[in-house]
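# Understanding the architecture of this molecule
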Amino acid sequence: HGTVVTGIGRSVFKNNTALQSVTLPDTAVSIDASAFSGCTALVRVSGAGLREVGMSAFQNSAIQDFPFAQITSFGIKAFSGCGNLRNVSFDEASSIALSAFENTKGVTVLQNDKLKTVGMYAFRGSTLEQISLPNADSVGTGAFENCASLQQVSLPLVTQLPANLFKNCLSLRETDLPAITEISSETFYNTALPKADFQNVTKIGKNAFYGCAALQTAFFPQAATVQANAFAGCRNLKLAFLPQVTTLQKETFTDCTNLKYLWLPAVTTVSSGAFDGSAITFLQFESVKTIQSLPSCLTDLVLPAAATRITATAPQTEFTVYGNAGTYAESYADSLENATFRTIPAIVRDVPSQVDAQVGYIAVCAVGIHCTYQWYRNDTVSNEGGTPISGATKAYYAPQVQDDAAAYYCVIESRDGDYVQTVTTAPILSSPEYRLADFTAYNEAVAAALEIDRALYTLDSLSALDALLATDVSAFSQADQAALDAHTQAIYTAISKLELVFSKGDVNRDGKT
């Protein structure tokens, strides 16, 4: 009956440069380590029973077609260096080992519902363009490093992104990573991400986003630790939100030439070189104690009473130091020829003189520590005697027609330990879009309509009048005055066109018999 072949043994065909094609019997379920390694003429292997591919099984071979949809695991370096590989299925795989597809060319999509583990450097230097692994929970260091064509990644269960995971993925722009809590060193180094918005990340490693020239937004509300060079070289970064970070490491924002404003409420220590080559002009702290680095083009620096020492080279520009009188902030400013001290809170951006309806909100930027805001409406153009607007406690407010205010103003309180100070903005003139229209004529028209004896008129003619009365005009503003006046006239017209109900005995057509 012959021998039943259950697999291909270790190194059986290793470095066989004449072998071009292999057909396996259905009984063969595994290929052992290095079985076809170095087979530089081998382009195709076929068969129906294969389940496992061992370590270095096809490493540096010429394999092009590997049509086995039932493979459950790929061993270490199984296809490493296979520059001609075009067809391979991952449908049944639960694990892919270290460097299994490193430097392979031709495989563009990694999509699998069963894959749980991707080993270190598994696809490093490959031609992957898209990754979707909904059930993978473990991904190894550098698994997709140097995948220059990779554009989209979805790893919804992965909580920790290891070092170098997407390093030099020059085309990576879209990520679905909702569960991550930690980003390790050089994870996104030199990628094309336009936005880093990770709500649950608590730690960002060294060089994590280094050289991400397309990155414009870095939003990390829970990150308490950000290591050195995390955003260095992010030349287009415009917004960095890091409210929990306590220590700003060296070169964190080096060469961030588009970042102008930075608010760091929890930072207590700023390391040397943190802002080298940056373009930050407005820097606000609320807890800082020691500062070893300041942006060279700084124009506004906000310091809390906790600040006790600045050893950084002073900015080259004329700049203003904001703080509380009698604190280190004042003495620091006094020690410099190019610095001016101002007490906080102080309005640093002029509030608008009038509400702009096209913008739809009014805003104020105040220098202060742990600022609170309360907006007021006023019947006169004044910043005294107004009425507080319920819920309007942010740095901005969206005016409403129902406010019917002549002006608005905001009261800002800065609370820095025992230092509590308050400032009130100048009044902001309202606009016609937020002032109620003149309803005098309209109310008179409605009163006239309600006084008629409805029993005298036909239902059809009354329905036209009722439709006009049912129209809600309560939010019409002064900008809508012409429309309100037209509506008022329409009510009078409908009244004049009411048709009397005539009985057979009404010979004079006056509603009487």
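About the thresholds
Residues numbered from 1 in each chain as written. Predicted model: local features only at pLDDT ≥ 70, side-chain atom pairs only at ≥ 80, totals over all residues. Heavy atoms only, no water. Pairing = 2+ DSSP bridges. Helix = DSSP H or I, 4+ residues; strand = E, 2+ residues; numbered from the N terminus. Salt bridge = Lys/Arg side-chain N within 4 Å of Asp/Glu carboxyl O. Buried < 20%, exposed > 50% of the residue type's maximum accessible area, 1.4 Å probe, protein only. Axes fitted to C-alpha atoms, helices over the stretch in contact; angles between N-to-C directions. Patch = residues over 30% accessible without salt bridge, like charges linked within 9 Å, V, L, I, M, F, W, Y side chains within 5 Å. Areas by Shrake-Rupley, 256 points an atom, 1.4 Å probe, with all protein chains shown as cover. Polar contact = N/O pair within 3.5 Å; in protein donor to acceptor, adjacent residues only side chain to side chain. Contact = heavy atoms within 4.5 Å. Phe/Tyr/Trp six-rings, centres within 6.5 Å; stacked < 30°, edge-to-face > 60°. Lys NZ or Arg CZ within 6 Å of the ring centre and 35° of its normal.

## Section: the sheet that holds strand β21 (residues 225-226)
Here we have four strands laid out as an open sheet, ordered β15-β17-β19-β21, and parallel in their pairing. Every interior strand has two partners, whereas the edge strands, β15 (160-161) and β21, have only one.

## Topic: the pattern of salt bridges
All told, the structure shown has 11 salt bridges when counted by the stated rule. Across the salt bridge formed by Asp379 and Arg377, the nearest N and O atoms sit 2.5 Å from each other. Exposure remark for Arg377: the relative accessible area of 17% places this residue in the buried category. One salt bridge in this structure joins Asp466 and Arg454, with 2.8 Å as the shortest N-O distance. A residue pair is termed long-range when its members are at least 10 positions apart, and Asp466 in helix α3 (residues 459-470) and Arg454 in the loop between α2 (440-451) and α3 qualify at 12 residues. In this structure Asp466 comes out as partly exposed when scored by relative accessible area, which is 28%. Owing to a relative accessible area of 41%, Arg454 belongs among the partly exposed residues under this scheme. What emerges from the salt-bridge pattern is a single network uniting Glu102, Arg124 and Glu145.

## Observations regarding the sheet that holds strand β12 (residues 130-132)
Read from one edge to the other, the open sheet built from four strands follows the order β10-β12-β14-β16, with strand pairing classed as parallel. Each end of this open sheet is capped by a strand with a single partner; those strands are β10 (109-111) and β16 (174-176). On average, adjacent strands in this sheet sit at an angle of 5 degrees to one another, irrespective of strand direction. Sheet topology note: the β12/strand β14 (residues 152-154) ladder contains three bridges and is parallel.

## What about a nonpolar patch on the surface?
The grouping of Val359, Tyr361 and Tyr396 at the surface amounts to a nonpolar patch, some 310 Å² of accessible area in total. On the secondary structure map, Tyr396 appears in strand β37 (residues 396-397).

## Observations regarding the side chain of Ser414
With respect to the helices and strands, Ser414 occurs in strand β38 (residues 407-416). Using a relative accessible area of 2% as the deciding quantity, one classes Ser414 as buried. One polar contact links the side chain of Ser414 to the main-chain amide nitrogen of Ile369, over a distance of 2.9 Å. Beyond its immediate sequence surroundings of up to four residues, Ser414 is in contact with Ile344, Pro345, Gly368, Ile369, Cys371, Tyr419, Val420 and Gln421.

## Looking at the environment of Asn87
Residue position: Asn87 is located in strand β8 (residues 87-88). What makes Asn87 partly exposed here is its relative accessible area of 34%. Residues Asn87 and Gln64, 23 residues apart in the sequence, show an inter-C-alpha distance of 6.5 Å. When neighbours within four sequence positions are excluded, Asn87 is seen to be in contact with Gln64, Asp65, Phe66 and Pro67. At a separation of 2.5 Å, a polar atom in the side chain of Asn87 contacts the side chain of Asp65.

## Brief notes about the packing of aromatic side chains
For the structure on display, the rule yields 32 aromatic pairs. With 6.1 Å between their ring centres and 75 degrees between their planes, Phe439 and Tyr442 make a pair best called edge-to-face. With a relative accessible area of 17%, Phe439 lands in the buried category. The exposure class assigned to Tyr442 is buried, which follows from its relative accessible area of 11%. The ring centre of Tyr121 lies 4.0 Å from the NZ or CZ of Arg124, which sits over that ring.

## Some thoughts on the side chain of Thr104
Relative to the helices and strands, Thr104 resides in the loop between β9 (95-96) and β10. The contacts of Thr104, once residues within four sequence positions are left out, are Phe79, Cys82, Leu85, Gly125, Ser126 and Thr127.

## Examining the pairing of strand β35 (residues 372-378)
Counting buried positions over the seven residues of β35 gives five, a clear majority of the element. Judged from the seven bridges that link them, β35 and β38 form a sheet pairing that is antiparallel. The residue bridging Gln374 from the neighbouring strand is Val411, located in β38. One ladder, built from two bridges, connects β35 with strand β36 (residues 387-388); its direction is antiparallel. When the sheet's bridge partners are listed, Arg377 is paired in β36 with Thr387.

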